[in-house]
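# What the coordinates show
The primary structure of each chain is shown beneath.
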Amino acid sequence: MAPPRNVVKIAVQMRDAIPQLIQLDQVTRPVWPPSTPPPTSFPLPTSILLTSAPASVRCQDLEAEWLLGRLQSGSREVRREALQHLVLLAPDMTFAQEVISRDGLQRLGTIIEDGDDPRCPPSLGEVLALTLRTFLELMEHGVVSWETLSIPFVRKVVSYVNMNLMDASVQPLALRLLESVTLSSPALGQLVKSEVPLSRLLVHLQVMNQQLQTKAMALLTALLQGASPAERKVSVHLVAGWAYTHTHGLAVLQNIIHSAAPLGDEMAHHLYVLQSLTLGLLEPRMRMPLDPYSQEQREQLQALRQAAFEPEGESLGTGLSADRRRSLCAREFRKLGFSNSNPGQDLERVPPGLLALDNMLYFSRHAPSAYSRFVLENSSREDKHECPFARSSIQLTVLLCELLRVGEPCSETAQDFSPMFFGQDQSFHELFCVSIQLLNKTWKEMRATQEDFDKVMQVVREQLARTLALKPSSLELFRTKVNALTYGEVLRLRQTERLHQEGTLAPPILELREKLKPELMGLIRQQRLLRLCEGTLFRKISSRRRQDKLWFCCLSPNHKVLQYGDVEEGASPPPPESLPEQLPVADIRALLTGKDCPHVREKGSGKQNKDLYELAFSVSYDREEEEAYLNFIAPSKREFHLWTDGLSALLGSPMGSEQTRLDLEQLLTMETKLRLLELENVPIPEKPPPIPPPPTNFNFCYDCSIAEP
């Protein structure tokens, strides 16, 4: 008779558990005193073996029970070995549940609260460090809430953070535990904030221990995130005071950002959070519109006007009536760049609200010469070419808030921070001072008008974004780099990026373009010669520089003779065969342009002559053993390029005009796109596929001369 099915199932489960139980016995066998002989076997309860749970779960169940039992041993070495095994197994969710269900957290908490003195020998501090690490691993599974921790336990962990002399492995773990408590429990977070002085965390940031610095920065940002806006402002100012003026050096900037060791991802994230929280202090001003009934804000606007026009206002406003003085103030606010005679209406927009006014006041007080130069310089320009200071400041403040994400919640993974914000107080206002001067410089480079305001702001946005992406270490370095990024350089970078995006600069594409160039240059040469065959009307310049006569010149269809002659005003171009003068191409010596031409040489440097230099060209030729010249003044720059290219082609010289370069680039782009039309969305490799090596021998050819039998 066959055994019952459940008996077979139990037997199979017991068979599967035997190897794991043997391994568990070897790992967790207790250390027995020498005077007591160890037992020959460890009998296990039948209820444990005859369970319906999987073998792996039963193994973890037994292992958790044995390890927790060893934690109660009187031997410190036994507890240390048990903790070493617990640390390795705690990340496993199933094992962690078994430990927690057997009051493992309470046993670990007792060890932490009783506290092996970390100032004792290293082995004692190691036990505490292992206990803290095991406790953290178990808590991070989320089975037990951080809010269940007791106040004495938290205070004991705080005492480890506040100690001066202790094992280097304990404090980072204690800081990590307090960070989790602060982020998860508001009540215990308040306890941590009251028990851990901010100055203590700043001291930890100066220790040359990267792990300790990272955990101290993590707790610092956690405390700042849980603080009220007023408390956060005070704390940030305290951190700034230590970072910029403390006698022990630049705590954050020097010891962390400029450390020789590479900055870890976790520290980079916490620096990003600290920067976001610092810039977030500007949000209330950014969200607050100007109050027209506020006496303080009206006085700030008047101070802004007086800083730019005070000498003029005093000379013109003395002895004037109230209406006249009011009209004068309105005109000066207009010169200052406000869109309305009442500047308060411009600052009602949020964002940027009062933050724009703060920036303008800071610029006028801390860079008065640059402020006066900006306003007065633009006031003296034509109305359409002046750069409005107030309007530019308002829009620039919005732009900076967008680039720096002022008012946005902190990302949980971002690491994008700017080192220059940790090296200077009032960094946002200082950045505005640099940016507003950049805007004025870019405005002049673009020769912008009022209609181009949005275009200028787009270029300034790109200049600032590109420079911030470089992460300059100081504001001076930022100033140098952003001023070097001129409008012309921005256009060049845009062109390069567009070509990269289109794949035009890939090595295979560049090779294809080089192969296409000769054919396309021949096409351009043919077009230039056809243009010369069509001919052009030119004007003669008399001794009084009057362009009152016309003459016509063209190339013969066989490209061997230049035919030319005078024509009447308003007459149509004559046929080539009716032109009286001829110049064989074979007699032409050289092509001259600009100041080298004899008909504009030794002229004055007036504006009219400069225009002639750009359009003048001549051909020198032999006439009865003497050198003669045929002089031209092109009607336009395009005709100048076409004729000089055509004559260069006739003489066998390269066509080097700007028009040839543009035409060649256009033809290359069109031809390349046509050739690659079937490869759209197909990635083109940077390098060609490797050529396989040659065979070891070539004895595979068929010799046709051998007759088959």
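Definitions and limits used
- Residues numbered from 1 in each chain as written.
- Predicted model: local features only at pLDDT ≥ 70, side-chain atom pairs only at ≥ 80, totals over all residues.
- Heavy atoms only, no water.
- UniProt positions renumbered as here; feature names shortened; annotations may be inferred.
- Helix = DSSP H or I, 4+ residues; strand = E, 2+ residues; numbered from the N terminus.
- Contact = heavy atoms within 4.5 Å.
- Areas by Shrake-Rupley, 256 points an atom, 1.4 Å probe, with all protein chains shown as cover.
- Pairing = 2+ DSSP bridges.
- Axes fitted to C-alpha atoms, helices over the stretch in contact; angles between N-to-C directions.
- Left-handed = near helix turned anticlockwise from the far one by under 90°.
- Nonpolar A, V, L, I, M, F, W, Y, C, P; charged D, E, K, R; others polar.
- Buried < 20%, exposed > 50% of the residue type's maximum accessible area, 1.4 Å probe, protein only.
- Core = buried A, V, L, I, M, F, W, Y, C linked by side-chain atoms within 4.5 Å.
- Parallel < 35°, antiparallel > 145°, perpendicular 65-115°, else oblique.

Taking an unreviewed UniProt entry as the reference, the chain is identified by name as Engulfment and cell motility 3 belonging to Equus asinus asinus. The record in UniProt for the chain states the following under Function (unreviewed entry): "Involved in cytoskeletal rearrangements required for phagocytosis of apoptotic cells and cell motility. Acts in association with DOCK1 and CRK. Was initially proposed to be required in complex with DOCK1 to activate Rac Rho small GTPases. May enhance the guanine nucleotide exchange factor (GEF) activity of DOCK1."

## Concerning the overall build of the chain
When its secondary structure is counted, the chain shows 29 helices and seven strands. Partitioning the contacts of the chain with sequence separation of at least 6, the portion at a separation of at least 24 is 67%. Working note: accessible area of the chain is about 38,900 Å², and carbon and sulfur atoms make up 53% of it.

## Notes on the sheet that holds strand β7 (residues 626-633)
Taken together, three strands build an open sheet; the order of strands is β5-β6-β7 and the sheet is antiparallel. Bordering the open sheet on either side are β5 (588-593) and β7, each of which pairs with just one other strand. If you compare each strand with its neighbour and ignore which way they point, the axes differ by 20° on average. When β5 meets strand β6 (residues 616-623), the two strands line up antiparallel, connected through five bridges. Looking across to β6, one finds that Ile 588 is bridged to Tyr 621. Against the sheet, helix α28 (residues 637-650) contacts β5, β6 and β7, and its axis sits at roughly 30° relative to β6.

## Structural notes on the packing of helix α21 (residues 389-404) against helix α23 (residues 453-469)
Contact pair α21 / α23: the axes reach a minimum separation of 11 Å and the direction vectors enclose 35°. Between α21 and α23 lies a crossing of right-handed hand. Of the residues in α23, those touching α21 at Arg 391, Ser 392, Gln 395, Leu 396, Leu 399, Leu 400, Glu 402, Leu 403 and Leu 404 are Phe 453, Met 457, Val 460, Arg 461, Leu 464, Ala 465 and Leu 468. Across the contact of α21 with α23, the residue classes break down as 11 nonpolar, two polar and three charged.

## Concerning the pairing of strand β2 (residues 549-555)
Among the seven residues in β2, six count as buried, and that is most of the element. Relative to β2, strand β1 (residues 536-540) runs antiparallel, the two sharing five bridges. Note that in β2 the partner of Arg 539 across the bridge is Leu 550. With six bridges joining them, β2 and strand β3 (residues 561-567) adopt antiparallel strand pairing. Along β3, the bridge assignment pairs Cys 554 with Gln 563.

## Re the nonpolar core
Judged by nonpolar contacts, the single largest core of 69 residues is most densely connected at Phe 135, Leu 149, Val 154, Leu 177 and Leu 178. It is helix α7 (residues 122-139) that contributes the most residues to this core, nine residues altogether. In this structure Leu 178 touches Val 154, Val 157, Val 158, Val 161, Val 192, Val 196 and Leu 219, once residues within four positions along its chain are discounted. Residues Leu 290, Leu 301, Tyr 362 and Met 457 belong to the second largest nonpolar core, which totals 59 residues.

## Focus on the packing of helix α8 (residues 151-162) against helix α9 (residues 170-184)
It is at 8 Å that the axes of α8 and α9 come closest, and there the two elements cross at 140°. With respect to each other, α8 and α9 are oriented oblique. Like other packed secondary-structure pairs, α8 and α9 cross with a definite hand, here left-handed. From α8, Phe 153, Val 154, Val 157, Val 158, Tyr 160 and Val 161 reach across to α9, where they touch Val 170, Gln 171, Ala 174, Leu 175, Leu 177 and Leu 178.

## As for unusual backbone geometry
Across residues other than glycine, the phi torsion is negative in most instances, and most of the peptide bonds are trans. Omega for the bond connecting Val 350 with Pro 351 falls within 30 degrees of zero, at -15°, which places this linkage in the cis form. Note that Pro 351 resides in the loop between α18 (322-335) and α19 (354-366). Along the chain, Pro 351 connects to Pro 352 via a cis peptide bond; the corresponding omega equals 15°. Relative to the elements of secondary structure, Pro 352 occurs in the loop between α18 and α19. The backbone of Asp 103 shows a phi angle near 60°, a positive value even though the residue is not glycine. Take Asp 103: it is sitting in the loop between α5 (93-101) and α6 (104-114). For Asp 103, a relative accessible area of 44% corresponds to the partly exposed category.

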